[in-house]
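Here is what each chain is made of, one letter per residue.
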Amino acid sequence: MKIEQLYTGCLAQGAYYIESEGEVAIIDPLREIQQYIDKAEANNSKIKYILETHFHADFVSGHVDLANKTDATIVFGPGASTEYDIHSAKDGEELKLGNVTIKVLHTPGHTLESVTYLLIDEKGKDHAIFSGDTLFLGDVGRPDLAIKSDLTKEDLAAMLFDSLRNKIMPLADDVIVYPAHGAGSACGKNLSKETVGILGEQKKTNYALRADMTKAEFVKEVLDGIAPPPQYFAKNAMMNKMGYDAFDTVLKTGNIPLNPEDFEALANHESALVLDVRPQSDYIKGHIPNSIFIGLNGDFAPWVGALITDIKQPIVLVVPEGKSAEAVTRLSRVGYDNTLGYLEGGINAWVSVGKEIDTLESISAEEFAKKAKTSKINILDVRKDGEYNSSHLEDAQHLSLDFINDKMNEVDKDKTYFVHCAGGYRSVIAASILKARGFDKLIDIAGGFGAIKKTDLPTTDFVCPSTL
């Protein structure tokens, strides 16, 4: 028996490869599926099952593509309804994979069809659970994504309580826990940075598995402090249910080199969004006017999903040399399949034919501190609510990047703003969006709040985020 976790940091997502006696199961695959096919072929094995723990909302899974290329069976939990062929497994159903058994545990709560897959080894011992978004390390899945007219988030939270108590907590303490996500995912509140754990440890430390917790207490605690889901979640879930274009097609049509004239024509006449994915330092020095920055070197895909509201938006890319395929791939992971190409030769090619560039003023935290002490200035803190509430500059205005499209009217175009986040990535995203909407008096603070704290500017007293 072989188990391999294939973890993708940008999405904080774990896919799994399980192999026994030449048969393979892939759990929650990413959009780019060739990696799983290559791995199975290298081991002279055949992919038999594609196991989905639920309809994912935070990424587009590769299950449809993978099934088309391998003839493997897609398995979902009870009640799952799709536009393609699947096996809708029954609660307690056992799937044979070589010498091991995978038992389907229906664990509704995060979504109605959510399942946990229990891996039983060759000797009949419970070895591990692949818990999807039902159980994370340190947390559980949010129960507010599958709300229907006759079903509330409180109803789903109550279902999740029962699923955890009746299906997962009775398992032995030495069972390994392989969750679908780790820290950084918006599918839970306080996920651990660890990506593999032991069930017994979770019973001791995970607030949601407290033995003396009542259902009412669970519902209250699991719903407390949940931020609204990013706007792309419902769209990704629908793609996972309905199907989507093959990844090979998306990569072929999106990874097209464009000269500056063709690039500009697409931006002007096809209303394509110019998305600059280079490091923020490069964007600051020079970028195409009205382009949006979301760098590949940060949480690229989730920020694309949160901030580009039209999932079918035509996109043209400004990329670092050799990174065009990566950019198209990572866009497709969250369903942005309408990339039209990238600027061949990058900004240098753009400048070489005499086209205009723009810059973003950026100053050090020390220089910012001097200005703040000598004059009245406007400070814009674009960190998340929890970060801001934990500690912030005393005079800072808060505008979380997550909601910048909805709350832009809170910023005055006539004022100059000094913009910061925690480390410098999100502030440049925010500044690029504001600049594209006509806000031209913006100054980025390099190093963000981390650098600002090293100055002597007054901040509010620190409050531990876990207590908020």
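Check the entry above for the structure.
Residues numbered from 1 in each chain as written. Predicted model: local features only at pLDDT ≥ 70, side-chain atom pairs only at ≥ 80, totals over all residues. Heavy atoms only, no water.

Student: Help me out: how do you make sense of the environment of Phe418 in this one?
Tutor: Mapped onto the secondary structure, Phe418 falls in strand S21 (residues 417-420). Here the alpha-carbon distance between Phe418 and Leu380, two residues 38 residues apart in the chain, equals 5.9 Å. Beyond its immediate chain neighbours, meaning those up to four positions away, Phe418 contacts Ile363, Phe368, Lys371, Ile377, Asn378, Ile379, Leu380, Ile443 and Ile445. (Helix = DSSP H or I, 4+ residues; strand = E, 2+ residues; numbered from the N terminus. Contact = heavy atoms within 4.5 Å.)

Student: When you look at the pairing of strand S11 (residues 176-179) in this model, what are you seeing that I'm missing?
Tutor: As a general feature of sheets, a regular strand has side chains that alternate between the two faces. Taking every second residue as pointing to the same face, both faces of S11 are buried, with Ile176 and Tyr178 on one and Val177 and Pro179 on the other. Across four bridges, the pairing between strand S10 (residues 126-132) and S11 is parallel. Within S11, the position partnered with Phe130 by the bridge is Tyr178. Note that S11 and strand S12 (residues 197-198) share two bridges and pair antiparallel. Bridging across to S12, Val177 finds its partner in Gly197. (Buried < 20%, exposed > 50% of the residue type's maximum accessible area, 1.4 Å probe, protein only. Pairing = 2+ DSSP bridges.)

Student: Even after reading the chapter, I still don't get helix H15 (residues 425-436), so can you show me in this structure?
Tutor: Since the α-helix turns once every 3.6 residues, residues separated by three or four places project in the same direction. Between its first and last C-alpha, H15 extends 17 Å over 12 residues, near the 16 Å set by a 1.5 Å rise per residue. Among the 12 residues in H15, 11 count as buried, and that is most of the element. Those residues of H15 that fall on the buried side of the exposure criterion are Tyr425, Arg426, Ser427, Val428, Ile429, Ala430, Ala431, Ser432, Ile433, Leu434 and Lys435. Looking one or two residues beyond H15, the residue adopting positive phi is Gly438, at roughly 100°. (Expected span 1.5 Å × (residues − 1).)

Student: Teacher, can you tell me more about the nonpolar core here?
Tutor: A general feature of soluble globular proteins is that nonpolar side chains tend to end up buried together. Residues Leu275, Ile294, Phe300 and Leu317 are the most contacted members of the largest nonpolar core, which totals 81 residues. The greatest single-element share of this core, amounting to seven residues, is contributed by H15. With sequence-adjacent residues up to four places away left out, Ile294 is seen in contact with Leu275, Asp276, Val277, Phe300, Trp303, Val304, Leu307, Tyr425 and Ile429. One finds Ile120, Leu137, Ala157 and Leu160 within the second-largest nonpolar core, a separate group that totals 25 residues. (Core = buried A, V, L, I, M, F, W, Y, C linked by side-chain atoms within 4.5 Å.)

Student: Before we go on, may I ask you to explain the packing of helix H10 (residues 300-307) against H15 in this structure?
Tutor: Each pair of packed helices can be described by the angle between their axes along with the distance between the axes. It is at 13 Å that the axes of H10 and H15 come closest, and there the two elements cross at 30°. For the element pair H10 / H15, the angle class is roughly parallel. The two elements H10 and H15 meet at a crossing, and its hand is right-handed. Of H15, the residues touching H10 (which contributes Phe300, Trp303 and Leu307) are Tyr425, Arg426, Ile429 and Ile433. (Axes fitted to C-alpha atoms, helices over the stretch in contact; angles between N-to-C directions. Parallel < 35°, antiparallel > 145°, perpendicular 65-115°, else oblique. Left-handed = near helix turned anticlockwise from the far one by under 90°.)

Student: Got a minute to help me understand the sheet that holds strand S13 (residues 257-258) in this structure?
Tutor: Judged by pairing direction, the sheet is parallel, and its five strands sit side by side in the order S13-S17-S16-S14-S15 without closing on themselves. The sheet terminates laterally at S13 and strand S15 (292-293), the two strands that pair on one side only. As paired elements, S13 and strand S17 (residues 339-343) share two bridges and run parallel to each other. Paired with Leu258 across the two strands is Leu343, which belongs to S17.

Student: Is there a simple way to explain the layout of surface pockets in this structure?
Tutor: Taking a probe equal in size to a water molecule and rolling it over the atoms shows the remaining empty space. The space that makes up the largest pocket amounts to roughly 1800 Å³. Ser185, Gly188, Lys189, Ala227 and Lys384 are, among the 50 residues lining the largest pocket, the residues nearest its centre. Breaking the lining of the largest pocket down by element, the ones donating at least two residues are helix H5 (215-223), H10 and helix H14 (385-390). For the lining of the largest pocket, the leading source of residues is H14, giving four residues. When its residues are assigned to classes, the lining of the largest pocket shows 23 nonpolar, 14 polar and 13 charged. (1 Å grid on protein atoms, 1.4 Å probe; cavity = no way out; pocket = protein on both sides within 12 Å on 5 of 7 lines; lining within 4 Å. Points joined across faces, edges and corners; volume = space filled by probe spheres on them. Nonpolar A, V, L, I, M, F, W, Y, C, P; charged D, E, K, R; others polar.)

Student: What am I meant to see in unusual backbone geometry here?
Tutor: Apart from glycine, the bulk of residues carry a negative phi angle, and the bulk of peptide bonds sit in the trans form. You will see that Asp28, though not glycine, has its phi angle at about 50°, which is positive. Mapped onto the elements, Asp28 comes out in the loop between strand S3 (23-27) and helix H1 (34-42). Residue Asp71 is not a glycine yet carries a positive backbone phi of 65°. Note that Asp71 resides in the loop between helix H2 (63-70) and strand S5 (73-76).

Student: I'm lost on the packing of aromatic side chains in this one. Help?
Tutor: Centre distance and the angle of the planes are the two values used to describe a pair of aromatic rings. A complete count under the given rule lists 10 aromatic pairs for this structure. Between the aromatic rings of Tyr16 and Phe130, the centroid separation amounts to 5.1 Å while the plane-to-plane angle is 70°, which identifies the pairing as edge-to-face. Remark: Phe130 occurs in strand S10 and Tyr16 occurs in strand S2 (residues 13-20); sequence separation between them is 114 residues. Of the residues examined, Tyr16 reaches a relative accessible area of 1% and is grouped as buried. A ring pair is formed by Phe130 and Tyr178, whose centres lie 5.0 Å apart and whose planes are at 10°; its orientation type is stacked. Of this pair, Phe130 sits in strand S10 while Tyr178 sits in strand S11; the two residues are 48 residues apart in sequence, bridging distant segments of the chain. One exposure class covers both Phe130 and Tyr178, and it is buried. Chaining the aromatic ring pairs together yields one cluster made of Tyr16, Phe130 and Tyr178. The ring of Phe449 has Arg383 lying over it, and the distance from NZ or CZ to the ring centre is 4.1 Å. Positioned above the aromatic ring of Phe439 is the side chain of Lys413, whose terminal nitrogen or guanidinium carbon lies 5.3 Å from the ring centre. (Phe/Tyr/Trp six-rings, centres within 6.5 Å; stacked < 30°, edge-to-face > 60°. Lys NZ or Arg CZ within 6 Å of the ring centre and 35° of its normal.)

Student: Explain helix H11 (residues 324-332) here, please?
Tutor: Counting buried residues along H11, seven of its nine residues qualify, which places the element largely inside the surrounding structure. Residues Ser324, Ala327, Val328, Thr329, Arg330, Leu331 and Ser332 constitute the buried set of H11. Those residues of H11 that are buried lie in contact with helix H7 (247-254), strand S14 (273-276), H10, strand S16 (315-318) and S17.

Student: So what exactly am I meant to see when it comes to the packing of helix H3 (residues 153-168) against H5 here?
Tutor: Between H3 and H5, the least distance of the axes is 9 Å, while the angle of their chain directions is 115°. Between H3 and H5 the crossing geometry is right-handed. Here H3 contributes Lys153, Glu154, Ala157, Ala158, Leu160, Phe161, Asp162, Leu164 and Arg165 to the contact with H5, which in turn contributes Lys215, Phe218, Val219, Val222 and Leu223. A class-by-class count of the residues in the contact of H3 with H5 yields nine nonpolar, no polar and five charged.

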